[in-house]
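A look at the structure
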Amino acid sequence: AQSVTQPDIHITVSEGASLELRCNYSYGATPYLFWYVQSPGQGLQLLLKYFSGDTLVQGIKGFEAEFKRSQSSFNLRKPSVHWSDAAEYFCAVAPGAYNNDMRFGAGTRLTVKP
Amino acid sequence: DAGVTQSPTHLIKTRGQQVTLRCSPISGHKSVSWYQQVLGQGPQFIFQYYEKEERGRGNFPDRFSARQFPNYSSELNVNALLLGDSALYLCASSPTSRDRAVSGNTIYFGEGSWLTVV
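Residues numbered from 1 in each chain as written. Chains lettered and ligands numbered in written order. Predicted model: local features only at pLDDT ≥ 70, side-chain atom pairs only at ≥ 80, totals over all residues. Heavy atoms only, no water.

1. Focus on the confidence of the model for chain A
For chain A, the average pLDDT comes to 91, and 96% of its residues sit at 70 or higher. Mean pLDDT in chain A bottoms out at strand S11 (residues 103–104) of chain A, which sits at 91, and peaks at strand S3 (residues 19–21) of chain A, which reaches 98. (pLDDT = per-residue confidence, 0-100. Helix = DSSP H or I, 4+ residues; strand = E, 2+ residues; numbered from the N terminus.)

2. A closer look at the sheet that holds strand S7 (residues 64–68) of chain B
All names here are of chain B. Judged by pairing direction, the sheet is antiparallel, and its four strands sit side by side in the order S1-S3-S8-S7 without closing on themselves. Single-partner strands in this sheet number two, and they are strand S1 (5–7) and S7. When strand polarity is set aside, the average angle formed by the axes of neighbouring strands in this sheet is 15 degrees. Sheet analysis places strand S3 (residues 19–24) next to strand S8 (residues 74–78), joined by five bridges and oriented antiparallel. (Pairing = 2+ DSSP bridges. Axes fitted to C-alpha atoms, helices over the stretch in contact; angles between N-to-C directions.)

3. Focus on the packing of aromatic side chains
Inspection of the entire model under this criterion finds 15 aromatic pairs over all chains. Here the aromatic rings of Phe104 of chain A and Tyr35 of chain B are separated by 5.8 Å at their centres, their planes lie at 85 degrees, and the arrangement is edge-to-face. Placement of Phe104 of chain A in strand S11 and of Tyr35 of chain B in strand S4 (residues 31–37) is noted, with the two residues assigned to different chains. Grouping residues by exposure puts Phe104 of chain A and Tyr35 of chain B together as buried. Taken together through their ring pairs, the aromatic side chains of Phe34, Tyr36, Phe90 and Phe104 of chain A together with Tyr35, Phe45 and Phe109 of chain B make up a single cluster. (Phe/Tyr/Trp six-rings, centres within 6.5 Å; stacked < 30°, edge-to-face > 60°. Buried < 20%, exposed > 50% of the residue type's maximum accessible area, 1.4 Å probe, protein only.)

Okay, structure coming up:
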């Protein structure tokens, strides 16, 4: 069964600093991988996704993620964090193109210091 | 284009009652999924419906049921509510299978329905 681990529950970075949020997945075949962001009291917004091709994926709001099969990782990065990036970030894995049984990690809460 | 819309946005129910949550997918999307997000946790998959048929079910008790209508909107029903059912219930829609094969399994979430059971 697929699963996702986000090792960091809470991360604090200074505005303008770089950011990396970790995500490790467990799945036997090639996974579909996603990063979503959730602001307080809001639904989930898709930042980026990977399902094939180039292992470095560009997303919205200046985020990118790199798929590393050998490490079963899909870490999210941003070179310079803005105060508006403060939110909860979720990594998710889906088993294929026709199945919405996505498994989410527990989330990483990002705090941005001025 | 309108996104995924859910109603109601907030509601409070008493233990033992029943609740119905509603979802309208993005226009053209035929697949609807439901997720439960308990405070402090990631969303958990409850159901997927495609073309009005159940295509997947998560590890939830039979108190949870859903259906999809001919216009692809969906309802989630929860009977005999427990305190532990208090959560944000998220609806998500995704394109037809042919489009998804091209664009990948991208699903789009609504803002959710906050259910509090007291």
